[in-house]
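Letter by letter, the chains look like this.
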Amino acid sequence: MRVFWVVLASAGLLQAQETFAGSPDIDRVIEEAVAADQMPGAVALVGQNGRVLHRKAYGNRSLTPVREAMTLDTIFDAASLTKVVATTASMMRLVEQGKVRLGDKVTVYLPAFQRGKSDITVRMLLTHFSGMRPDVDLVPEWSGYETGIQKALIDKPVAGPGERFIYSDINFVLLGEIVKKVSGKPLDQFSRDEVFVPMGMTESGFNPPAALHSRIAPTELYPKMAAPLRGVVHDPTARFMNGVAGHAGLFTTAADLARFAQMLLNKGELEGKRFFSPLTVAKFTQPQSPADQPILRGLGFDVDSQFSANRGELFPVGSFGHTGFTGTSLWVDPGSGGYVVLLTNSVHPKRRPPVTALRAKVATIAAAAMGVDVPGAVLNGYNESMGGIRRAIGRVGSVETGLDVLVKEKFARLQGKRVGLVTNHTGLTRDGKRNIDEMAAAGVNLTAIFSPEHGIFGTEDREGIGDDVDPKTKVKIWSLYKDAGRRPSAEMLAAVDVVVFDIQDIGSRFYTYVSTMRNVMEELNKRGMPLVVLDRPNPIGGVKVEGPVLTKGSETFVGTHTLALRHGMTTGELARLLHAELGMKAPLDVVKMKGWQRGDWFDTTGLTWVDPSPNMRSLNAALLYPGVGMLEAAKNYSVGRGTDAPFEQIGAAFLDGQKLAAYLNGRRVPGVRFYATRFTPNASNLKGQTIGGVRLVITDREAMGSVRLGLEIAAAIHKLFPGKLDFQVNKGLIGNPETIRMILAGEDPRVIQDRQAEELEGFLARRAKHLLY
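Residues numbered from 1 in each chain as written. Predicted model: local features only at pLDDT ≥ 70, side-chain atom pairs only at ≥ 80, totals over all residues. Heavy atoms only, no water.

1. Quick word on the overall build of the protein
Here is step 1: Along the protein, the regular secondary structure elements total 23 helices and 27 strands.
Here is step 2: For the protein, whose C-alpha radius of gyration is 30 Å, the value lies close to the compact-globule estimate of 28 Å for 773 residues.
Here is step 3: Principal-axis analysis of the C-alpha atoms gives the protein an extent of 95 × 60 × 40 Å.
Here is step 4: Counting every position in the protein, which comprises 773 residues, the buried fraction comes to 62%.
Here is step 5: When the accessible area of the protein is evaluated, it comes to approximately 27900 Å², of which 53% is carbon and sulfur surface.
Here is step 6: Of the charged side chains in the protein, 91 are positive and 80 negative, and the gap between their average positions amounts to 2 Å. (Helix = DSSP H or I, 4+ residues; strand = E, 2+ residues; numbered from the N terminus. Rg over C-alpha atoms; globule rule 2.2 N^0.38 Å. Buried < 20%, exposed > 50% of the residue type's maximum accessible area, 1.4 Å probe, protein only. Areas by Shrake-Rupley, 256 points an atom, 1.4 Å probe, with all protein chains shown as cover. Lys, Arg positive; Asp, Glu negative; His and termini not counted. Charge placed at Lys NZ, Arg CZ, Asp CG, Glu CD.)

Take a look at the structure:
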């Protein structure tokens, strides 16, 4: 069915044009490109903060059969801009209405997809991580919308769900069909009614009427055609589908795209009217790629990939946009409030090389003239990614911990008070001095010391650790790991006015030092007593965050709060989160580090590694621990405790190391490789038994996902050695019954992580309120 357009003049947004410093250079590079026959002509429109800075037409819109000058109101075949302006915007509306869930399998909405058996989710279609081919077969030629849909429904993926980025038109053909099935309207009608008409994009739509053809920039002159395509979509798949498809088919103008861009910059609002929730805009335009992938894609939008050259050299990662094969492009930068629209018909009357370099030049000139406010994270060598930022390059830092800061202050905030100190052997200054000794030397009245799991010296690996006395200061050491309560009693706190917490954490939810901190906080809160937390680095970085998130009601000592398994927070930030979310009223004072950045690994801090616990002997072990430790509660399974490489190998009597290593290597788990081994633990699970297993080798720590690794190991054991390992006994460590259910159901680990994304985003929003760095 042909949808008739509303042909009116766009109003309001494009009234004022200012003198723009970048205009001369934009003119120069576009005119040079036209002269070099890179395209017949172009329309460029640059805006910032609701103002039009540059708007100009160049060259010709038609070269044959007659030459026509380019005009500002030229209508262009948008090609793949359809993906974001029509299809993604329609999906935004359906998600807001609760009619589509991003984590749902495609088969929920299209039961015939892959004959009803596929783990591909809606999110994977939007991010191009579905594994589908770039396009359906076009030879021999076919015709009809339904034929195109059937081809997309049965086309076989060439990669596993979530495995790698493959830019695919099939993804958006399917999304267009989801819009139709869910809304009851074809994509062209739904996008018109829900997006274009309400937003005043009056010259955007599919299958433009003949009355507009004279204003449309023609595209390619195919063999056996009397004239170039004009008003008929250039993309062959969309053309075979009668001009309406989720990946191509939209025709639009620079003015309409400017309205769309300004709406996104205004967080869903335009000219005083709300079209989308700010949360929806943020969700779709921020990176949504799998956490272990270097390609950054939003939902529909490109952020940082091989296709994002139209970002130019200066717009930061975190801005977003898209391109179209016919020569169209759009880029939007929330940081500067700016956007760049560049529309060409470079495929007229013949195909030419893509205008990639021109797009980049125009964007760079525009960004420089706008005065883009680059986020500090970018200036410090970071790029934004799912849940935070990732360091693009290493650095050599010089971090001062909270203890170092307090030493320089001469412990002024503790003077005149009776101080209790929760610490262990990791409570050292940058130059290796004990916090206990530094406090004593500064005249602090240290009246009690409290030790966590593993004791004050970090050497015990057992329950029931008793009290002790510090041999140098003679201050009593109260063990907080000697009975089931694992918290300070009234007797322990009787001679204390303020408690200081200073212990090195490891960055994993089930590492219990944070559990001890929570127990101390709760007891202090009952008494209105203050807590001072001396912050220390997260050794495995403050960037990557991985689920599962602990399900409320599943809290234990190895899962003290509803945190992501790999939380990406420092001890001080965790204290702030616990204090706020548990409704505590007692004073909390976090002494911040100096010089620490979120992208820092421990080896970039300049600090000396001290084993935080008997088996945590290296940074590699710390990075592997959140994944490897997920199954440790099973008594017939070893994570290498009591060997020379704890957490760097796993084993069990039932494991065939060669078989398991071959399977896991075949899974191409990002950043890690496996080889068969045999070992004999001298402590903990399977003590004294020689068992088979695999050794883990980190090949790329930036790409590696600790929890993805754990899910891969769990799924592999369940698949290769069914019934041999009790997954339910690990519920306290995994902390999420739905994750266990999916493992036992044989779900692909990539799909499990994708299904966890919404829950993880909720945690990220909570986490963001308490970050200090």
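2. Some remarks on the pattern of salt bridges
Here is step 1: Across all of its chains, the model carries 58 salt bridges by this definition.
Here is step 2: Between Glu32 and Arg28 there is a salt bridge, with the nearest N and O atoms lying 4.0 Å from each other. With Glu32 and Arg28 both in helix α1 (residues 23-35), this residue pair falls four residues apart, about one helical turn.
Here is step 3: Taking the relative accessible area as the measure of exposure, Arg28 reaches 39% and is therefore partly exposed.
Here is step 4: If you follow the salt bridges from partner to partner, you end up with Glu163, Arg667, Arg668, Arg708, Glu712, Asp748 and Arg750 in one network. (Salt bridge = Lys/Arg side-chain N within 4 Å of Asp/Glu carboxyl O.)

3. Let's talk about empty space enclosed by the protein
The method is simple in principle: a probe with the dimensions of a water molecule rolls over the atoms, and the space it marks as empty is what remains.
Here is step 1: Under the definition given, this model contains four cavities of 30 Å³ or more.
Here is step 2: There is about 250 Å³ of room inside the largest cavity.
Here is step 3: Looking at the largest cavity, it is lined by 19 residues, and the ones nearest its centre are Ser289, Pro290, Ala291, Gln753 and Asp754.
Here is step 4: For the lining of the largest cavity, the element with the most residues is helix α22 (residues 749-755), which contributes three residues. (1 Å grid on protein atoms, 1.4 Å probe; cavity = no way out; pocket = protein on both sides within 12 Å on 5 of 7 lines; lining within 4 Å. Points joined across faces, edges and corners; volume = space filled by probe spheres on them.)

4. Brief notes about the sheet that holds strand β16 (residues 418-423)
Here is step 1: Sheet architecture is open: seven strands sit in the order β18-β19-β17-β16-β20-β21-β24, paired in mixed fashion. In this open sheet, the two edge strands, each paired with only one partner strand, are β18 (468-469) and β24 (588-591).
Here is step 2: Pairing between β16 and strand β17 (residues 445-451): five bridges, direction parallel. Bridge pairing links Val419 to Leu446 in β17. (Pairing = 2+ DSSP bridges.)

5. Re the environment of Trp601
Here is step 1: Positionally, Trp601 belongs in the loop between β24 and α17 (619-628).
Here is step 2: Here the alpha-carbon distance between Trp601 and Arg701, two residues 100 residues apart in the chain, equals 9.9 Å.
Here is step 3: In this structure Trp601 touches Pro539, Ile540, Arg566, Leu619, Leu623, Arg701 and Glu702, once residues within four positions along its chain are discounted.
Here is step 4: A distance of 3.1 Å separates the side chain of Trp601 from the side chain of Glu702, its partner in a polar contact. (Contact = heavy atoms within 4.5 Å. Polar contact = N/O pair within 3.5 Å; in protein donor to acceptor, adjacent residues only side chain to side chain.)

6. Quick word on the pairing of strand β20 (residues 498-502)
Here is step 1: β20 sits mainly inside the fold: five of its five residues count as buried.
Here is step 2: Here β20 shows a buried face lined by Val498, Val500 and Asp502 and a second buried face lined by Val499 and Phe501.
Here is step 3: Strand direction decides the pairing type here: β16 and β20, joined by five bridges, are parallel. Bridge assignment links Val422 to a residue of β20, and that residue is Phe501.
Here is step 4: This β-α-β element, β20 to helix α15 (residues 513-527) to strand β21 (residues 531-534), shows right-handed connectivity. (Right-handed = clockwise from strand over helix to strand, strands pointing away.)

7. Some words on the packing of helix α2 (residues 81-96) against helix α9 (residues 278-285)
Here is step 1: The N-to-C vectors of α2 and α9 enclose an angle of 130°; their axes lie 11 Å apart at closest approach. Classified by the angle between their axes, α2 and α9 sit oblique to one another. Of the two possible hands of crossing, α2 and α9 adopt the one that is right-handed. Counting all contacts with α2, which are made through Thr88, Met91, Met92, Val95 and Glu96, the residues of α9 involved are Thr280, Val281 and Phe284.
Here is step 2: Residues of the contact of α2 with α9, tallied by class, amount to five nonpolar, two polar and one charged. (Axes fitted to C-alpha atoms, helices over the stretch in contact; angles between N-to-C directions. Parallel < 35°, antiparallel > 145°, perpendicular 65-115°, else oblique. Left-handed = near helix turned anticlockwise from the far one by under 90°. Nonpolar A, V, L, I, M, F, W, Y, C, P; charged D, E, K, R; others polar.)

8. Quick look at unusual backbone geometry
Here is step 1: In this structure, the amide linkage connecting Thr64 to the following residue, Pro65, adopts the cis form with an omega of 5°.
Here is step 2: Tracing the chain through its elements places Pro65 in the loop between β2 (51-62) and β3 (68-69).
Here is step 3: A cis amide bond links Val139 to the next residue, Pro140, at an omega of -5°.
Here is step 4: By secondary structure assignment, the location of Pro140 is in the loop between α3 (122-127) and α4 (145-154).

Everything listed is a geometric property; what it means functionally is a separate question.
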